[in-house]
Each structure stands twice: as C-alpha cells, then as structure tokens.
Amino acid sequence: QFPFGRRLPCDIYWHGVSFHDNNIFSGQVNKFPGMMETVRKITLSRAMRTMQDLFPLEYNFYPRSWILPEELPLFVAEVRMLKDRNPSWKPTFIVKPDGGCQGDGIYLIKDPSDIRLTGSIQSRPAVVQEYICKPLLVDKLKFDIRLYVLLKSLEPLEIYIAKDGLSRFCTEPYQEPTLKNLHQVFMHLTNYSLNIHSGNFIHSASVNTGSKRTFSSILCRLSSRGADVKKLWSDIISLVIKTIIALTPELKVYYQSDIPAGKPGPTCFQILGFDILLMKNLKPILLEVNANPSMRIEHEQELSPGVFENVPSPVDEEVKVAVIRDTLRLVDPQKKKRRDTQCLLYPGVADGKLQLKPGKIQVQCGMKDKQHKHHSLKLSLKLKFYLKLGSCQSLEQAPEGSEELPEAALPSLCLKQVFPKYAKQFSYLRLVDRVAALFIRFLGVKGTTKLGPTGFRTFIRNCKLSNSNFSMAAVDILYIDITRRWNSMGIDHKESGMCLQAFVEAFFCLAQKKYKSLPLHDQVASLIELCECRLAALRGKRLVWGCG
C-alpha cells in the first residue's frame, strides 16, 4: 500500500475511491474517470430516461423516476393524472438522496405531498421512484441481489459478469406498504448496512442460509421449484448490458477529458456493483449501480460493549475473492510481453500464466479510514494466499526444466464475458454513443467536457443542418435556451457551456424538426446517419484539397 502515492511506474494501480486518487501516466487503473459521477442516482436516472424515450420496451427494467427538486411539479401533476385515470391505483414511492449510500436518507411515501420539503432538498437533491410493491420473497423476506460486473474496456466495449453474487435479506417479514408499516426499514430496505443493526440479522457459516447468502443458492432453490433459471440469467445479462450502454456516452466524455486520444496515458477497468430486485414473476429490476462496491470479506462482532472483533464472512469470501482474483487474471499486464520475456511463470492468470517479474501492482489507498485500510489489506493477503497456494501446487507437479507451468491450481474464471460476445443483439441500442462521438468531435479544446457556442455552430454548419426554416440565429437561441436550463440544474459549474446531456436534448430536438413523421428512435438514427455521412464527405474533400 502507498497511501501517499508512488513515483515509480507500476503495471496495475488499485485505487481505493476514484481515478483521481493519484496522478497516473501509464499502466492500468482500476477506476474510470467520471464513473462516480456517472452512476450517481440522478445521472443514472437521466441516462436511463433518455434510453427509455428511445427504446421504451427494452428499458422497462428501471422504475419510473423523477428528479427533485426540479421535477417536483411534474411529479405531482403526473401522479394526479394517473390517479384520475385509475382511481383504484394506490402507489408507493421511494425517495433516495442523490449522493446517499448504505440506505442513508431513504424513505417511503404514499403521496407527493409527503415529500419532506425542508432546506435539505435544495442542498441535497434526490430521486423519487415507483416502489416495487410485489417483490419475490424467500422465507417471507424481501431481498435484493448484488452482482459484480467488470467493465474491462470502454473502447472497444468489453463487459464481464460474475457467475455468482450476493443475496441480501431484510430482517422482518415483508408486507405490502401501508401507512402503518411505511417506516419499517428492516421490512422494506434491503441495505446490508441497515439490516446488520437489526436484532434479527443472522450471520451464518453457510452460504445457503442467514441474512446474506450467495445468489447461486437462491437460484438452486428457484430451480427446485420449477423456475426457468436460464431465462432469469438471460434477463439479468440483458439488463447489465443495456445499463452499461446507457452509461458509456457520459463515461467517454470524462475519459477523453482525462486521457486525451493520441497521448500516452493509462488504460482503465472497473468492478461495478449492480443492485437488482426480482419481482414475483422473476423479472429483474435495476435499483442502482455502485461505483465502489464493498469488498469486505469479514464483519464486526461485538465481544463486549464497545469491543469489536473482525470475524470472517464465508459468503463474502466465496464471492469477492474470486471476483478480484479473476479481474487480475483478465487484466494481466504481462500478456503482451510473454513472447519477448524469458522469466519464471506462475500459473493461474488468463490463459494460464502470471509472470512473477517485472510486473508490479500498486494499491493506491484512497480511504482515510484505518479500518477500511485494514480490510483491504486482509483481502489482498487472502488473494496472495490463493495465488501462492496455486503456484506451490503446480510447482510440485511441473516437469523438471519446464519454463511454463500448467494452470491446475486456480479454478475456472468466475467472470463470464457478455460483451462483445452478445454485441450483435444489442448494437442497435448504441445511438446515444454515436451522438456522444459527434459531441466529442466538436469539443475543440482537449480536456474539456462542455461544448461552447462556437463548437455547436461548427457542428451545425459542417453537418449542413441550418436552412431557411432553421437559421443560424435560431441555432444560437436553441443553444442558449437548452444550455441555460441545464446549467440552472446545478449539474457542473466548473465549466461553462453545453454538457453532453444538453447536447443530446438539442440533437433530439433537431431530429424531431427534420423527420417529423417517424418515431423518435428512427428520427435520431436518421439524423446520426446524415451527420456521419456529411462529415465523412467533408473529410474526403479536405483530403483531396490537401493532396492538391
């Protein structure tokens, strides 16, 4: 561990919190720039809403959401309209603070008038969502699933899903929300950090029982009841891929800002925590995405008042050690050097070998809490044990004078590639990705994340989108109106200009003006193709002029 950074270069930097824990100029970093901002509840909800506008059926796994305080009047009006249409509809809503974690500040309401309109709603924005009232229950308890997803690469997009995850249970038998039980957090909220304080929380030595279990144990139970577990996994894979596709446009803008194309710099990968709820009909619902999922493999046990001891957690150990071990196997920095390097090889990484040298791994601990540092050290020791055990076993089995050792010590990868493996099925959803590519092209200044008025006008001119019905004056008005509204939402005041989300709105507006008779996704796709075609033609002309 290097709490204050390290000057010598490393192959892998394992940061505790974010990409910016330390200045990195080479190697691989286990965080993407901008990931924490991209998966915040408000930003995630906006990204999912954009995709729901384009592909409503494909993105119906994310609850209907409103952003507070700016959309409070819209929330009130839409709920009133839905109640007028269906008087028997008695909804429940869940309010989640934007920057909250571990269940902090979450509460349930039955009516928009129940929102706590205090000063904090202005300083601490929130998302309000429809509450899933009919979840799947196991042992009469509500639970959610924490799945670990490795985003190995952004360009080209490469996604892996862990074959097992965690099932985290509430600690009071579930009942549908009523005014009487609305505030019973141990019944409605599945957060481990809340339920661990319940007297009913069960720490189990088995991965099949207790208040935290493996997801595979739940699948076995469902399978024994005749449930179609293969379809459930297929739906979960689809949910993960679609969610990552919704997040990549924003991530690419942050990425080019911190790591400009054409310049030497690090590459990134990141383990994400997907929190998923299963409905009674086994439909998976996305609750949220966590940029820094907990990797603790133990829990605290109170020996006497105020005296705690760290006790191993078998279920955490089984799932999390495998995820980190196999992430390191997949991002093995020595793969490209193997043919040119003659050195001792350890088994167990990617295609069967991990080079002992010259690779180095740096843990850049961004957490100030000593306890968190302790947990990360315990986990790293556990990983070292697994790798060391594997190497010793294979060294005994290896033939004398052998340079390469067989991969017999470590289990098969727990991470399954889902993209680009299933790219053909989901490529049509990547429309906003292409809009983001246009946005990045016209940013002009490297390192910026916002488009200035000149860049927007250049985009309109180069794509030949202005005409007698849409003058450059109208272009300026569109830019000013949309940019001013987005900036008033307090998205990011560090830079002036049009953010990606504002550009996407402007692009949709232009598409609707140009292709009035088509559905929205066809309008957007048609305008993207037109812009790409005209920019390609312009590039061709410039090449001809250059040759001349």
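As the structure is a prediction and not an experimental result, all values here were calculated from the model.

Cut-offs used in this document
- Residues take numbers from 1 onward in each chain, read along the sequence in its written order.
- Since the coordinates come from a predicted model, pLDDT governs what is reported: local features require at least 70, and pairs of side-chain atoms require 80 or more to be given and counted, while whole-chain, interface and lining totals use all residues.
- Here the side-chain values reflect all heavy atoms present in the structure, with hydrogen atoms and water set aside.
- Any two strands are treated as partners once DSSP identifies two or more bridges connecting them.
- A run of H or I in DSSP counts as a helix once it spans at least four residues, and a run of E counts as a strand once it spans at least two, with each numbered from the N terminus.
- Confidence of the predictor at the level of single residues is given by pLDDT, which spans 0 to 100.
- When checking whether two residues touch, look at their non-hydrogen atoms; a contact exists if any pair is within 4.5 Å.
- Only the stretch in contact is used when fitting a helix axis, every axis being a line fitted to C-alpha atoms; angles between N-to-C directions are given from 0 to 180 degrees.
- Every angle not falling under 35 degrees, over 145, or within 65 to 115 is termed oblique; those three ranges are roughly parallel, roughly antiparallel and roughly perpendicular.
- Here a crossing is called left-handed whenever its near helix is offset anticlockwise from the far helix by less than a right angle, and right-handed whenever the offset is clockwise.
- Only Asp, Glu, Lys and Arg are considered charged in this grouping, and only Ala, Val, Leu, Ile, Met, Phe, Trp, Tyr, Cys and Pro are considered nonpolar; every other residue, Gly among them, is considered polar.
- Only protein chains enter the area calculation, which uses a 1.4 Å probe; residues under 20% of their type maximum are buried, those over 50% are exposed, and those in between are partly exposed.
- Two N or O atoms count as a polar contact when they lie within 3.5 Å, although within protein this holds only if one can serve as hydrogen donor and the other as acceptor, and sequence-adjacent residues are included solely when both atoms are side-chain atoms.

**Looking at the pairing of strand β16 (residues 307-312)**
As judged from the six bridges shared by strand β15 (residues 298-304) and β16, these two strands associate in the antiparallel manner. Across the sheet, residue Q301 finds its bridge partner in β16, namely E309. Between β15 and the antiparallel strand that follows it, β16, lie two residues; G306 among them carries a positive phi value of about 85°.

**Overview of the confidence of the model for the protein**
Here the protein averages 84 in pLDDT, and 82% of its residues register 70 or above. Element-level mean pLDDT values for the protein span from 38 in strand β18 (residues 354-355) up to 98 in strand β9 (residues 158-162). Counting contacts from residues 385-406, a segment whose pLDDT is below 50, to residues more than four positions away or on other chains yields 27 contacts.

**Comments concerning the packing of helix α13 (residues 453-462) against helix α15 (residues 500-514)**
It is at 13 Å that the axes of α13 and α15 come closest, and there the two elements cross at 30°. Compared by their axis directions, α13 and α15 come out roughly parallel. Seen along the crossing, α13 lies across α15 with a hand that is right-handed. Of the residues in α15, those in contact with F456, F459 and I460 of α13 are F503, A506, F507 and L510. Tallied by class, the residues present in the contact of α13 with α15 amount to seven nonpolar, no polar and no charged.

**A look at the sheet that holds strand β5 (residues 107-109)**
Read from one edge to the other, the open sheet built from four strands follows the order β3-β6-β4-β5, with strand pairing classed as antiparallel. Pairing within the sheet leaves two strands with one partner each, and these edge strands are β3 (65-68) and β5. Ignoring which end each strand starts from, the neighbouring axes of this sheet average 25° apart. Inspection of the sheet shows strand β4 (residues 93-97) paired to strand β6 (residues 126-130) by five bridges, in the antiparallel sense. By the bridge assignment for β6, P97 is matched with A126. Lying over the sheet, helix α2 (residues 41-54) contacts β3, β4 and β6, oriented at roughly 140° with respect to β3. Sitting on the sheet, helix α3 (residues 72-85) is in contact with β3, β4 and β6, with an inclination near 145° to β3.

**A word on the side chain of T92**
For T92, the position within the fold is in the loop between α3 and β4. We classify T92 as buried; its relative accessible area is 2%. A polar contact of 2.9 Å, which involves the side chain of T92, links it to the side chain of K110. If near-sequence neighbours (up to four positions away) are discounted, T92 is found in contact with L108, I109, K110, Q129, E130, Y131, C133, P177 and L182.

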